[in-house]
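If you want the building blocks of each chain, they are given just below.
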Amino acid sequence: MSDLSTESELFVATARAFLDKTATLGGQRALHAQGRSYEPKWWRQAAELGWAGLLVPEELGGGSVSDSGLHDLAAIAEAIGRTVGPGPLYPVSTVLAGLIDADNRADHAATIAALVAGEQVATWAADEPGRAFRPHQPGVTAKTDGAGYRLNGVKDRVEAGAQADLVLVGARADDGTLRQFLIRADAPGVTVHPQACIDLVKQYARIELDDVEVDPAAVVGGSAQTPQLIDRQTQVAIAVTCAETVGILDAVLAMTLEWSRDRYSFGRPLASYQALKHRLADMTMWLHAGRAAAAAAVDKVAARTPDAAMWVSAAKAYLSEHAGLLVQECVQLHGGIGVTWEHDLHVYLRRITLYAGLFGTSAEHHQAIVRAANATEPAA
């Protein structure tokens, strides 16, 4: 995303080599044909490379190459974007972002270690059916039952919901407070329904909770802390998906530039025509602006600045508006071959389309920016 140290460059280079060898576009097509999202063995290998533990302190079994695990995670996400790679990196990292900040994280030390090692997979169930992305306003209820709780409600569009061992669920307690619970996906009363997805390998699920008994040990963070944990989880999730989007755009634009130089029309390369040059220049500008916005969002979230949410919304809104348009332009510049199943452009377009509405639409993030700006006192 930004300038990397020598160690970070080596880390990213290793990740790219791993992805080029084990997560090719052909591999994504093969997984799709088999109806699978990722190979568990593959995810354990990725975890061995340190991907799952980048946000986790060393004393809890994690560690980053640089001084900022989020910057390293964003760099991995951008590398994943270039091959539209599979795997539960984002749901696992988002859950870990909440666990490591929780004031009772010691109670979840064993789970954190298992997630870092790739032995378990966790996902964040934040969306609910028929509504915008509002993780702070869950419809799921948590009714007090002795020392524990009973969860009732439905979560929707849960990434890797059918593959996860653990699910982080937000719910409204009897006293009106917002709480989060890390529950087993196979617990009694939990029903998982796989959902269709436009992406070839990303898989989502609807999770129904029917009187799910929750032990007090499953609670993540105190009631006063939970809104801040959800803020952090949201910012990490959006910043990382924006970083992957930049990787996708970089790969697609490079592919199109190469095509326009190699493809001839009337004895001249396509790239020599002025009208196409302007379109390519516009797309290059969108890519650079998107990269800068995503990098700024990662910087702010990593530094935990008060305005991090606004910067995340700015990056998400810009990329949601321009990423799909950029890839569609590249499809058009490829001509007839660009709209075929055999060409790889649609594989990138599918993920871009998925991410455009994930964690809030462009319009919703524009509204968030306005609210944040109105809440800020003008400079004297």
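Residues numbered from 1 in each chain as written. Predicted model: local features only at pLDDT ≥ 70, side-chain atom pairs only at ≥ 80, totals over all residues. Heavy atoms only, no water.

**A look at the packing of aromatic side chains**
Heads up, the rule is: Centre distance within 6.5 Å is the pairing criterion for rings of Phe, Tyr and Trp, where only the six-membered ring of Trp is used; planes under 30 degrees apart are then read as stacked, over 60 as edge-to-face, and the remainder as tilted. Summary of the burial criterion: residues with accessible area below 20% of their type's maximum are buried, those above 50% are exposed, and those between are partly exposed, where the area comes from a 1.4 Å probe applied to protein chains only. Secondary structure is summarised from DSSP: a helix means a run of H or I of at least four residues, a strand means a run of E of at least two, and numbering begins at the N terminus for each. Think of it as a cone above the ring: NZ of Lys or CZ of Arg counts as a charge over the ring if it is within 6 Å of the ring centre and within 35 degrees of the ring normal.
As enumerated under the stated definition, the model contains 6 aromatic pairs in all. Ring geometry for Trp42 and Trp51: centres 6.1 Å apart, planes at 80°, overall edge-to-face. Trp42 sits in the buried class, given a relative accessible area of 7%. Relative to Phe359, the ring of Phe133 has its centre 5.5 Å away and its plane inclined at 70°; by these criteria the two rings are edge-to-face. Separated by 226 residues along the polypeptide, Phe133 in the loop between β1 (122-125) and β2 (141-145) and Phe359 in the loop between α10 (345-356) and α11 (362-375) bring together distant segments of the chain. Residue Phe133 shares its accessibility class with Phe359, and that shared class is buried. Three or more aromatic residues link up through ring pairs in this structure, and these residues are Phe18, Trp42 and Trp51. Cation over ring: Arg29 sits above Trp341, and NZ or CZ is 5.6 Å from the ring centre.

**Re the UniProt feature "domain: Acyl-CoA dehydrogenase/oxidase C-terminal" (unreviewed entry) in the chain**
To keep things clear, this is the line we draw: UniProt positions are given in the numbering used here, feature names are shortened, and annotations may be inferred rather than shown by experiment.
In the UniProt entry, the feature "domain: Acyl-CoA dehydrogenase/oxidase C-terminal" (unreviewed entry) is given for residues 240-372. Note that residues 240-372 is 77% helix and 3% strand, and that its end C-alpha atoms are spaced 21 Å apart.

**Looking at the pattern of salt bridges**
When charged atoms on two side chains of opposite charge get close, those side chains can pair. How we decide: Salt bridges, as used here, are contacts in which a Lys or Arg side-chain nitrogen is within 4 Å of a carboxyl oxygen on Asp or Glu.
A full pass over the atoms with the stated rule returns 21 salt bridges. Arg131 is the salt-bridge partner of Glu128, the closest N and O atoms lying 3.0 Å from each other. Under the relative-accessibility criterion, Glu128 is labelled buried at 6%. The class for Arg131 is partly exposed, based on a relative accessible area of 23%. Of the charged contacts, one joins Arg184 and Asp186 as a salt bridge, the two residues approaching to 3.0 Å between their closest N and O atoms. The exposure class assigned to Arg184 is partly exposed, which follows from its relative accessible area of 38%. Connected via shared salt-bridge partners are Glu78, Arg82, Asp250 and Arg291.

**Side note on the nonpolar core**
Quick reminder of the rule: Among buried residues, those of type Ala, Val, Leu, Ile, Met, Phe, Trp, Tyr and Cys that are joined through side-chain atoms within 4.5 Å constitute a nonpolar core. Contacts between residues were defined by any pair of non-hydrogen atoms, one from each residue, lying within 4.5 Å.
Ranked by size, the top nonpolar core spans 97 residues in total, and within it Trp43 and Trp51 carry the most contacts. Of all the elements, helix α7 (residues 226-262) adds the most residues to this core, at 15 residues. Every residue in contact with Trp51, bar those within four places of it in the chain, is listed here: Phe11, Ala15, Phe18, Leu19, Trp42, Ala46, Leu73, Ile76, Ile80 and Leu89. Counting 20 residues, the second-largest nonpolar core is a separate cluster that includes Ala125, Val140, Leu151 and Ala185.

**Focus: unusual backbone geometry**
Leaving glycine aside, a negative phi is the common case for residues, and trans is the common case for peptide bonds. Phi at Val84 is positive, roughly 50°, even though this residue is not glycine. You can see Val84 is positioned in the loop between α4 (69-83) and α5 (89-101). According to the relative accessible area criterion, Val84 is buried, its value standing at 1%. Positive phi values are uncommon outside glycine, yet Arg304 reaches one of about 55°. Given the relative accessible area of 49%, Arg304 is considered partly exposed.

**As for the state of the cysteines**
Test applied: Disulfide: a pair of cysteine sulfur atoms within 2.5 Å of each other.
This structure, assessed with the given rule, holds 0 disulfides. Free of any disulfide, Cys242 has its nearest neighbouring cysteine sulfur in Cys197, separated by 17 Å.

**Observations regarding α5**
Put simply, the rule is: By this rule the span expected of a helix is its residue count minus one, scaled by 1.5 Å.
With 13 residues, α5 ought to run about 18 Å at 1.5 Å a step, and its terminal C-alpha atoms sit 18 Å apart, in line with that. Extensive coverage of α5 is indicated by the burial of 12 of its 13 residues. For α5, every residue scored as buried is listed here: Leu89, Tyr90, Pro91, Val92, Ser93, Thr94, Val95, Leu96, Ala97, Gly98, Leu99 and Ile100.

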